[in-house]
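Reading the structure
One letter stands for each residue in the lines below.
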Amino acid sequence: MEIEHVRSRFIKHFDGKTGNIYASPGRINIIGEHTDYNGGFVFPGAIDKGIMCEIRPNGTNKVMAYSIDLKDRVEFDINDEKGPKASWARYIYGIIQEMKKLGVDVKGFNTAFAGDVPLGAGLSSSAALESCFAFALNDLFGDNKVSKWDMVLAGQATEHNYCGVNCGIMDQFASVFGQEGKLMRLDCRSHEFEYFPFDPKGYKLVLVDSVVKHELASSAYNDRRKSCENVVAALKNKYPDKTIETLRDADWDMLESVKADVSEEDMKRAVYVLGEKDRVLAVCEALNAGDYETVGQKMYETHKGLSKDYEVSCEELDYLNDIAKENGVTGSRIMGGGFGGCTINLVKDELHDKFIEDVKAKYEAKYGKTPKIYDVVISEGSRKIC
Ligand code: ADP
Ligand code: MG
């Protein structure tokens, strides 16, 4: 994203003066799917696509915001009880309220912003937007006193309290804490995290957006959570002396021992969750060793688990996975909750162009839709540009 793109609009749509510029990225998740509510690990990284905003205090209590991409302008008072109606402006309104709760004395400002994270594709454009403004408000009005973690939580609270999205912590975490060439293993229970090198020379990361979203997603999500809880209940029963809060606390022997106490379906779900825990740990080792072939293999295993055991895939995503395999792609899997959205693919440089051509042609021929393709590079988190 070019600074000039944002600056020229900021100047044009306001009083001609310039302000400060901030940027925050979207994210990918290499492995660790449906693990957050099971107390497990996720493994995100920030990408080279994000939101950039220019912002300048205006000496009033009003926010005048211009969305460059939507060509929409919204004004609201920062102390207004209800806030704006436009959904994009609610993210800004929400983060203002949450930063105020953290002691930042937010005043009115003019802002224009733009982004190159595709909206609603599972790369978390909303977290990029929240983190960008959290970072900007902290710098302009808060002497940078709010910690990175508190900004992450403020972004999450914005989704919960003002945008009606009951999300976890991964997206905002990745956007704020991301580093170039590093993925982060985040423990969803303790919030501890560790950076791992991700410098796949000779490979590219490619997202293939199936451009489908199946209605099933939210009810299936609740069903999967319930299945996991059922197995935890059976484990608690069997092991009254052990502390078992989530499937994180179970090992394979324990799971095997409650086989007769849970339904076959619930068992399959738990098998996926325990398998994913092992795969995340295997990926840590592989990343430290620079072994991207193993990383890729684990991605395929995750896809299989999500498709066959957790059953959150769909025909289109399985087809994209098959095409990846046929093309000799190193790793490929569903990214995100499933039932649509993107696959994430680790592709050797020399296979990249042919894979993209092939996936477009085959997917189009079968479903009459063109998948969207995004190459991404693991990049820096939220920052001040100037
Ligand atoms: P995602 O998976 O991309 O986070 P969401 O539905 O959570 O999808 O967030 C998308 C919403 O975030 C958009 O509907 C819009 O309100 C806001 N948004 C994200 N990026 C932009 C942008 N570049 N310009 C305006 N609004 C944006
Ligand atoms: Mg979002």
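The following refers to the structure shown. (Residues numbered from 1 in each chain as written. Chains lettered and ligands numbered in written order. Predicted model: local features only at pLDDT ≥ 70, side-chain atom pairs only at ≥ 80, totals over all residues. Heavy atoms only, no water.)

1. Some words on the overall build of the chain
Inclusion rule: Here a helix means four or more residues in a row that DSSP labels H or I, a strand means two or more in a row labelled E, and each is numbered from the N terminus. What the globule rule says is 2.2 Å times the number of residues to the power 0.38, and the radius of gyration is computed from C-alpha atoms. The rule is simple: take the accessible area with a 1.4 Å probe, protein chains only, and divide by the maximum for that residue type; under 20% is buried, over 50% is exposed, in between is partly exposed. Pairs of residues are marked as contacts when any of their non-hydrogen atoms sit within 4.5 Å.
A tally of regular secondary structure across the chain gives 11 helices and 13 strands. Its C-alpha atoms give the chain a radius of gyration of 22 Å, near enough to 21 Å, the size a compact globule of 386 residues would have. Considering only C-alpha atoms, the chain reaches an extent of 70 × 55 × 40 Å along its principal axes. Counting over 386 residues, the chain shows a buried share of 55%. Long-range pairs, those at least 24 residues apart, make up 70% of the contacts in the chain with a sequence separation of at least 6.

2. Let's talk about the site of ligand 1
Here is the rule we go by: For each residue, the test is whether any non-hydrogen atom lies within 4 Å of the molecule or strand; if one does, the residue is near. Polar contacts, as used here, are pairs of N or O atoms within 3.5 Å; protein pairs need one atom able to donate a hydrogen and one able to accept it. Residues neighboring in sequence count only if both atoms are side-chain atoms. Only the protein chains shown count as cover for residues, and the accessible areas themselves come from Shrake-Rupley with a 1.4 Å probe. In this count, Pro and Cys sit with the nonpolar residues alongside Ala, Val, Leu, Ile, Met, Phe, Trp and Tyr, while Asp, Glu, Lys and Arg are called charged and the others, Gly among them, polar.
For ligand 1, the set of nearby residues contains 17 residues, the closest of which are Asp69, Gly120, Ser124, Ser125 and Ser126. Contact distances for ligand 1 include 2.8 Å between a nitrogen atom and a side-chain N or O atom of Asp69. Within the contact set of ligand 1, an oxygen atom lies 3.4 Å away from a backbone nitrogen or oxygen of Trp88. Protein burial of ligand 1: of its 560 Å² of free accessible surface, 81% is covered by the chains. Of all the secondary-structure elements, those providing two or more residues to the shell around ligand 1 are α2 (87–101), β6 (109–115) and α3 (125–141). The class makeup of the residues in the shell around ligand 1 is 8 nonpolar, 8 polar and 1 charged.

3. Brief notes about the nonpolar core
Heads up, the condition is: We call a set of buried residues a nonpolar core when its members are Ala, Val, Leu, Ile, Met, Phe, Trp, Tyr or Cys and they connect through side-chain atoms within 4.5 Å of each other. The source of the domain bounds is an automatic or database domain assignment.
Ranked by internal contacts, the top residues of the largest apolar core, which has 64 residues, are Ile28, Ile30, Phe43, Met99 and Phe109. Two domains each donate at least three residues to this core, and these are domain 1 (3–199) and domain 2 (203–376). Apart from the residues lying within four places of it in its own chain, the contact partners of Ile30 are Phe43, Leu183, Phe198, Leu205, Val295, Met299, Arg333 and Ile344. One finds Val206, Val208, Leu247 and Ile334 within the second-largest nonpolar core, a separate group that totals 42 residues.

4. Quick look at the environment of Asn38
You can see Asn38 is positioned in the loop between β1 (20–29) and β2 (41–42). It is 30 Å that separates the C-alpha atoms of Asn38 and Val329, two residues lying 291 residues apart in sequence. When neighbours within four sequence positions are excluded, Asn38 is seen to be in contact with Cys228, Thr246, Leu247, Arg248, Val273 and Tyr310. A polar contact is formed between the side chain of Asn38 and the backbone oxygen of His34, at a distance of 3.0 Å.

5. A short note on unusual backbone geometry
We note that Ser124 has phi near 65°; this positive angle belongs to a residue other than glycine. Topologically, Ser124 is positioned in the loop between β6 and α3. Phi is positive for Val211, close to 50°, though the residue is something other than glycine. Within the secondary structure layout, Val211 lies in strand β9 (residues 203–213). Judged by relative accessible area, which is 29%, Val211 ranks as partly exposed.

6. Description of the packing of aromatic side chains
The geometry of an aromatic ring pair is captured by two quantities: the separation of the ring centres and the angle between the planes. The cut-off we apply is this: When two rings of Phe, Tyr or Trp (its six-membered ring) have centres within 6.5 Å they constitute a pair, described as stacked for plane angles under 30 degrees, edge-to-face for angles over 60, and tilted for the intermediate range.
On inspection of all chains with the given rule, the structure shows 20 aromatic pairs. Ring centres of Phe198 and Tyr292 lie 5.6 Å apart, and the angle between their planes is 85°; this geometry places the pair in the edge-to-face category. With Phe198 in the loop between β8 (193–197) and β9 and Tyr292 in helix α9 (residues 292–309), the pair connects residues that are 94 residues apart, well separated along the chain. With relative accessibility at 7%, the residue Tyr292 sits in the buried group. Among the aromatic side chains, those forming a connected cluster through ring pairs are Trp88, Phe109, Phe113, Phe133 and Phe141.

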